[in-house]
Amino acid sequence: MKKTVFLTLLIAVVYALHQDFWNWNKAEPLLFGFMPIGLAYHAAYSFAAAALMWVFVKFAWPAHLETVEPYRQDNKVEVKR
Amino acid sequence: MIPALVVFAYLAVILYIGIFAFRKGKATGEDYFVASRSLGPYVFLLSLFGTNMTAFAILGSSGLAYQRGIGVYGLMASASGIVIPLCIFFIGTRLWALGKRFGHMTQVQFFRDRWECSFIGTVLFALTAAMLVPYIIIGMMGGGHTLETLTTVKDAAGNPVMMEVLRNGQTVLEPKHWISFELGSAIVALVVMSYVFFGGMRGTAWVNAFQTVMFLTFGTLAFVLIAKNLGGFDHIVERLAANPKTEGLLTRARISPQEFFSYTFIPLSAIMFPHIAIMCMTAEKVTAFKKTVIFYPLCIAAIWLPSVFLGLVAADQFPGLKPGESDDVILRLLTANTGVVVAGFLGAAIMACVMATDSQILALCTMFTKDIVSYYAGAKRFSETTVVWTGRGFVVAITVVAYLIALALEDKAGIFELAIRFAFSGFAALAPVMLAALFWKRSTKWGALASALWVTATMAGSWYLYEMSVGMAPKPGQPLVQIFPALGDLFLRSPGNVLVYGYLPVMPMVLGSAFVMILVSLVTKPPGRATLEKYFPNREGRQASALSAPVSRPVINTPRTDTR
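Residues numbered from 1 in each chain as written. Chains lettered and ligands numbered in written order. Predicted model: local features only at pLDDT ≥ 70, side-chain atom pairs only at ≥ 80, totals over all residues.

Looking only at helices and strands, one finds 21 helices and 5 strands in chain B. With the C-alpha coordinates aligned to their principal axes, the bounding extent of chain B is approximately 80 × 60 × 50 Å. For chain B, with 564 residues in total, the buried portion stands at 54%. Partitioning the intrachain contacts of chain B with sequence separation of at least 6 by distance along the chain shows that 79% fall at a separation of at least 24. (Helix = DSSP H or I, 4+ residues; strand = E, 2+ residues; numbered from the N terminus. Buried ≥ 20, exposed ≤ 12 C-beta atoms within 10 Å, placed from the backbone. Contact = placed C-beta atoms within 7 Å.)

Right, dumping it as structure tokens:
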């Protein structure tokens, strides 16, 4: 339960960080001398999104789906051989 | 002529990929429509990403950044980079499991079985098919126009050779082309039809994977070569910042916070696109999704970041272009600054038009075959071979019809482009239907129907408001206009959109769709117990479900005979 709450909050925080209103009218500082801060922030945000997905894969992976087998009408489970 | 030859070489390569996939294939419906659910993690990642990338990602994003600045990246790319992987993680994996467990190949097959409905499934089929068709037509037109442009006849000075053409009863001068729009569209249609016809999903997936690799390679190469030729970007950004007309491009001054926020709803459409949902069912193992969701945001960044930034560079190099004229700024930059990659990049551009069409045609043919023919005529009546040839027949029929429409309505391309814009919102607004089907036991077919009707009505309403307010649209930089002054700021008109209290219509569409889904489901009868237990068998001792995790450890590999 704690994990679910934490991961839900994590999504909410990362989603909220997309709305970087503090960079709205700012061009500087320029990253590497040419990339406006608003663009650099969202480039970094893409990496944060990848990191978020890594966290989900690591800690919230739906492992029960790995054992899904074709359904049979009589509701019997097929045996792996 | 060299770029055209490069394009033909590309077309030959993807045709070969399709034929090669055909030789690897089996004569079963599952193999033709979902590649026997056998794609490995890397092909799955590249093909899923490639399927979702369109020409807009490279050409359109630069053109839009030219007009609206760096905010385009946050508006479209980084928002997609978070929302789409989350959708694939939570919804795509479940769709894969449903396909594996129950043999579903389309969204409608799942909806029908999950909600015990027939006609409502057909309504959902009709809605999604209708929203998908404009994409195919536009893809066909884009391919024809690109080939036409690439084969423009030029004189010794490099200027286009003009010729007299009869248009609407009047003689006008137009550039002469080696390949006309009609022939170009026919070539593109024939190539796409051929590899989809023979290769099915396997051919389409391989071609998309090839395209993605090509995009990433050419994109990076183009960025580096342009930077080198211009002597770096520092002084360009300084010039843009010093000019009052362009300084806003380095910030988000040309995008409102409401628009920026509501745009995050648009990527919800990805998982409701039939071609993406079907693609989710092609992975061999669910673990293939792991790499896909992690690398998806990085792939988006790799393609969009250079494209958006080059839009800024173009604003410095080619100032004063109007919307529409700025769509090809990346091609102008390449022509002006590189000699080596330009031909290859033009090839990639036409492939961008082509590659989105292939998976859409295949998705539509899968839907027609499974959701209409097999469903209404009875799946057991057909052999596997018949199913495959029915699918191939639809591939030919859909391609020919799309080609004929592209020819007949070439001058009406704007209508289809507009349809695509509204279809994006429509697909996004259908996401609550999928979420309810997957995760909410109490959801009903009537709730799904109510959502579908809401989506249809709001799309039609948005389109009507857009058309009726064209005359009052403000120019860029001017304040928003109230469409009905008596209603205050409820409906506003911006230069390019209708807004609801300043937000894009997609936001109320998605929220409204979720609301009616919940409301109508709560007052209508849920599916029978047997169906619910089939999809949500969460009591102890039940086998692992395709949707919900079992309460206790799954006993999937233990033979059981009892059902309770």
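Residue and element names in this part refer to chain B. One can find S80 in helix 5 (residues 71-102). Separated by 186 residues in sequence, S80 and I266 have C-alpha atoms that sit 8.1 Å apart. In this view, S80 contacts P267 and I300; residues no more than four positions away in its chain are not counted.

Here we come to the packing of helix 7 (residues 119-150) of chain B against helix 8 (residues 181-229) of chain B. Packed helices, taken two at a time, are described by the angle between their axes plus the distance between the axes. Residue and element names in this part refer to chain B. At a minimum axis distance of 7 Å, the contact between helix 7 and helix 8 shows a crossing angle of 120°. Considered as vectors, helix 7 and helix 8 are oriented oblique to each other. Seen along the crossing, helix 7 lies across helix 8 with a hand that is right-handed. Of the residues in helix 8, those touching helix 7 at M140, M141, G143, G144, H145, L147 and E148 are F181, G184, S185, I187, V188 and A189. Class assignment of the residues belonging to the contact of helix 7 with helix 8 gives a composition of 7 nonpolar, 5 polar and 1 charged. (Axes fitted to C-alpha atoms, helices over the stretch in contact; angles between N-to-C directions. Parallel < 35°, antiparallel > 145°, perpendicular 65-115°, else oblique. Left-handed = near helix turned anticlockwise from the far one by under 90°. Nonpolar A, V, L, I, M, F, W, Y, C, P; charged D, E, K, R; others polar.)

All names here are of chain B. With 24 residues, helix 19 (residues 445-468) ought to run about 34 Å at 1.5 Å a step, and its terminal C-alpha atoms sit 34 Å apart, in line with that. Every buried residue of helix 19 is listed here: K445, G447, A448, L449, A450, S451, A452, W454, V455, T458, M459 and S462. Next to the buried residues of helix 19 lie helix 6 (107-115), helix 7, helix 17 (413-429), helix 18 (431-439), strand 5 (498-500) and helix 20 (506-522). (Expected span 1.5 Å × (residues − 1).)

Moving on, we come to the confidence of the model for chain B. The predicted coordinates should not be examined in detail at positions where pLDDT is low. Residue and element names in this part refer to chain B. When the pLDDT values of chain B are averaged, the result is 86; 91% of them are 70 or greater. Ignoring residues within four places in sequence, the model shows residues 540-544, a span with pLDDT below 50, making 17 contacts including any to other chains. Confidence drops under a pLDDT of 50 for residues 551-564, and excluding neighbours within four residues, the segment shows 24 contacts in the predicted structure. At the level of chain-chain contacts, confidence expressed as ipTM amounts to 0.90, with global pTM at 0.89. (pLDDT = per-residue confidence, 0-100.)

Moving on, we get to the packing of helix 9 (residues 234-242) of chain B against helix 13 (residues 288-317) of chain B. All names here are of chain B. With their axes 10 Å apart at the nearest point, helix 9 and helix 13 run at an angle of 65° to one another. With respect to each other, helix 9 and helix 13 are oriented roughly perpendicular. Here helix 9 and helix 13 pass one another in a crossing that is left-handed. Across the interface between the two elements, I236, R239 and L240 from helix 9 touch L312, V313, A315 and D316 from helix 13. Of the residues that constitute the contact of helix 9 with helix 13, the class distribution is 5 nonpolar, no polar and 2 charged.

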